[in-house]
Amino acid sequence: MPQPASVPTLAPRADPGTQSKRRRIGILALQGDFREHANAIRAIDAEPVLVRLPRDLVGIDALILPGGESTTMRKLVDRYGLREPIAALARGGAPVFGTCAGMILLADRITDGDEPVLRLLDIAVQRNGYGRQLDSFESDVEIPELGDEPLHGVFIRAPVVTDAGPEVQVLARDQSGRPIAVRQGKVLATAFHPELTDDRRMHRLLLELIEAERGTTGP
Amino acid sequence: MAIIETSTWATKVGLARMLSGGVIMDVVTADHARIAEEAGAVAVMALERVPSDIRKFGGVARMSDPKLIEEIKDAVSIPVMAKCRIGHIAEAQILQQLEVDFIDESEVLTPADEEHHIDKHQFRVPFVCGCRDLGEALRRIGEGAAMIRTKGEAGTGNIVEAVRHMRAVMKGIRELAGMREDELFAAAKELRAPVDVVNQTARLGELPVPNFSAGGVATPADASLMRQLGAQAVFVGSGIFKSENPELVARAIVMATTHYDNAEILAEVSAGLGEAMRGLELSEIPAEERLAIRGW
């Protein structure tokens, strides 16, 4: 079931250097570009924690589901018993950010008949919806919430979001109007790979969602 | 979304990064491909014969039949790679036309050109190339390879050459990273590699493209060893479908690649796999039958 949204407004851009505590960001590291996400997390002065087993989820403030092969990742998530612990972490209020394959893991529906995995985001996705590798592309992505300067989107065998529920906030769309960056409560997802560029705004947004959590529940 | 550019360098290297931490398996039928995908492979290499059979069969080894490649593409949703001969531009054009996700310009096939590799920048599809040392790796990157794999000695089930090549590459990178900037020109000359790629590697302290391992991986422990020596992912050729229990071995090698630094899991997945592929001692292979020496 999609999680009921408790949409906190975007907190003002906090300088990560002034945070009272260095945030620990889990990154699912079964395979994929977890290393690039870890570099992005270090660059915003938070601590990356590679997650390969359920015990690695203990004590993290947020979780990233990286790019990679969604077919492979879904099998490994279940092989190591990670599906329920990750869902529980998100239900407990920890922000989650998925890129590309990570977006597929988060989706509530997968159009080609595959079983959905985490169902934390009320969207339907079509895997490799933009085509095979020869159709992979780069394009600017405008996300007004993150400022006037567009992000640079690298789309690799990317999924297409074919439907988004009413609780889903669409942050950016492609030329055909299909969502490519979405948010529902504390769950974020992009069809592209911000981790492959030097732009850290999406990762900062994830950090801000942790702060928003503290603001609503008290320290 | 403004200007859209397809098949860029970033998307080529990006796909290689998406395969990191995973296992790419050689398959010769659609059934094999499905077994590989089910076991958790991140990609498959579509071949008519695995390297140990190429060795046995002899003769000229060429690109696979497009019909086989299409069958394998239809069977799985993970990326499909295929091999062309070193320097064989036309085979590469055919593979691009088939829309494979990666081309391996491979020493496992009989070379078509003993002087030139393919100018891979001219292609929209990404390429992976083998290497035995840093100079070879950087020459291939200069020609446009978006992924490097150390060669090892394919079809032997013997990890010794893979280790030799990975150690040579990693040692070479450490040496470059420790140099003064004005020493890099001489290093480029020594390595016979483009100076810009040499500079970039020295600055990064690693190859500018992902660095995988191939040629001789037969057990979960082999996969872990190569990851510990610096490989970001592993190619497994004959090691899976020439073993007694391909499903079990495939699954175990995937788990060992993810948990390469977790001895508890390595011990668990190494147990009860049955007989591994029969290995070849390198001294049993006549020098002219060594595959790794192909490529320049």
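Note that the structure is a prediction, hence the values are computed from the model and not measured.

A. The arrangement of the overall build of chain A in detail. Looking only at helices and strands, chain A features five helices and twelve strands. Pairs at least 24 residues apart make up 67% of the contacts formed inside chain A by residues separated by at least 6 positions. When the accessible surface of chain A is totalled, it reaches about 8,000 Å², and 48% of it is carbon and sulfur.

B. Fine view of the pattern of salt bridges. Within this structure, the stated rule accounts for 41 salt bridges over all chains. With its nearest N and O atoms 2.8 Å apart, the salt bridge here joins A:Arg83 to A:Asp78. Note on A:Asp78: relative accessible area 39%, which makes it partly exposed. Across the pair A:Arg157 and B:Asp101 runs a salt bridge whose closest N-O atoms are separated by 3.3 Å. Taken together, the residues span two chains, with A:Arg157 in the loop between β8 (151-155) and β9 (160-164) and B:Asp101 in the loop between α5 (89-97) and β5 (102-106). For the pair A:Arg157 and B:Asp101, one class covers both residues: buried. What you see here is one network of salt bridges that share partners, running through A:Asp108, A:Arg109, A:Arg119, A:Asp122 and A:Asp163.

C. How the structure looks around the layout of surface pockets. Considered as a void within the structure, the largest pocket measures approximately 660 Å³ in volume. In terms of lining, the largest pocket is formed by 25 residues, of which the most central are A:Glu36, A:Leu196, B:Val13, B:Arg17 and B:Pro208. Considering every element that reaches the lining of the largest pocket, the biggest residue donor is helix α1 (residues 9-18) of chain B, with five residues. Residues that form the lining of the largest pocket fall into these classes: ten nonpolar, six polar and nine charged.

D. Summary view of the side chain of B:Thr156. Residue and element names in this part refer to chain B. Position of threonine 156 relative to the elements: it lies in the loop between β7 (147-150) and α7 (160-177). Exposure remark for threonine 156: the relative accessible area of 0% places this residue in the buried category. A distance of 3.0 Å separates the side chain of threonine 156 from the backbone nitrogen of asparagine 158, its partner in a polar contact. Not counting residues within four places of it along the chain, the set of residues in contact with threonine 156 comprises Arg55, Gly216, Met277, Arg278, Gly279, Leu280 and Ile285.

E. Summary view of the packing of helix α2 (residues 70-79) of chain A against helix α2 (residues 30-39) of chain B. Between α2(A) and α2(B), the least distance of the axes is 8 Å, while the angle of their chain directions is 50°. Comparing their axes, α2(B) and α2(A) come out oblique. Contacts from A:Thr71, A:Lys75 and A:Arg79 in α2(A) reach B:Glu37, B:Glu38 and B:Ala39 in α2(B). Across the contact of α2(A) with α2(B), the residue classes break down as one nonpolar, one polar and four charged.

F. Looking closely at the packing of helix α8 (residues 184-191) of chain B against helix α9 (residues 195-204) of chain B. Residues and elements named next belong to chain B. Put simply, α8 and α9 touch, their axes get as near as 9 Å, and they point 115° apart. The handedness of the crossing between α8 and α9 comes out as right-handed. In this structure, α8 contributes Leu184, Phe185, Ala188 and Leu191 to the contact, and α9 contributes Val195, Val198, Asn199 and Ala202. In terms of residue class, the contact of α8 with α9 is made up of seven nonpolar, one polar and no charged.

G. Looking closely at the environment of A:Ser70. Residues and elements named next belong to chain A. Mapped onto the elements, serine 70 comes out in helix α2. Using a relative accessible area of 9% as the deciding quantity, one classes serine 70 as buried. Separated by 57 residues in the primary sequence, serine 70 and arginine 127 have C-alpha atoms spaced 8.4 Å apart. Among all residues touching serine 70, those that are not within four sequence positions of it are Ala101, Ile104, Leu105 and Arg127.

H. Spatial organisation of the confidence of the model for chain B. Averaged over chain B, the pLDDT score is 95; the fraction of residues at 70 or greater is 99%. Under the prediction, the complex receives an ipTM of 0.94, its pTM being 0.92.

I. Structural view of a negative patch on the surface. Residues and elements named next belong to chain A. A grouping of Asp140, Glu142, Asp148 and Glu149 is seen on the molecular surface, where their side chains present a negatively charged patch. Position of glutamate 149 relative to the elements: it lies in the loop between β7 (137-141) and β8. On the accessibility criterion, glutamate 149 (55% relative accessible area) is exposed.

J. Structural detail: the interface of chain B and chain A. On the chain A side, the residues contacting the 48 residues of chain B number 43 residues. Summed over both sides, the interface of chain B with chain A buries roughly 3,600 Å², with 53% coming from carbon and sulfur. The residue A:Lys75 makes a salt bridge to B:Glu38 at a minimum N-O spacing of 3.3 Å. Our count for the chain B to chain A interface comes out at 21 residue pairs in polar contact (both at pLDDT 80 or more). Breaking the side of chain B that touches chain A down by element, the ones donating at least two residues are β1 (4-6), α1, α2 and α12 (246-258) of chain B. In terms of residue count, α1(B) provides more of the side of chain B that touches chain A than any other element does, seven residues in total. Classifying every residue of the side of chain B that touches chain A by side-chain character gives 20 nonpolar, 15 polar and 13 charged.

The rules behind the values
- Residues numbered from 1 in each chain as written.
- Chains lettered and ligands numbered in written order.
- Predicted model: local features only at pLDDT ≥ 70, side-chain atom pairs only at ≥ 80, totals over all residues.
- Heavy atoms only, no water.
- Helix = DSSP H or I, 4+ residues; strand = E, 2+ residues; numbered from the N terminus.
- Contact = heavy atoms within 4.5 Å.
- Areas by Shrake-Rupley, 256 points an atom, 1.4 Å probe, with all protein chains shown as cover.
- Salt bridge = Lys/Arg side-chain N within 4 Å of Asp/Glu carboxyl O.
- Buried < 20%, exposed > 50% of the residue type's maximum accessible area, 1.4 Å probe, protein only.
- 1 Å grid on protein atoms, 1.4 Å probe; cavity = no way out; pocket = protein on both sides within 12 Å on 5 of 7 lines; lining within 4 Å.
- Points joined across faces, edges and corners; volume = space filled by probe spheres on them.
- Nonpolar A, V, L, I, M, F, W, Y, C, P; charged D, E, K, R; others polar.
- Polar contact = N/O pair within 3.5 Å; in protein donor to acceptor, adjacent residues only side chain to side chain.
- Axes fitted to C-alpha atoms, helices over the stretch in contact; angles between N-to-C directions.
- Parallel < 35°, antiparallel > 145°, perpendicular 65-115°, else oblique.
- Left-handed = near helix turned anticlockwise from the far one by under 90°.
- pLDDT = per-residue confidence, 0-100.
- Patch = residues over 30% accessible without salt bridge, like charges linked within 9 Å, V, L, I, M, F, W, Y side chains within 5 Å.
- Lys, Arg positive; Asp, Glu negative; His and termini not counted.
- Charge placed at Lys NZ, Arg CZ, Asp CG, Glu CD.
- Buried area = accessible area lost by both parts, 1.4 Å probe.

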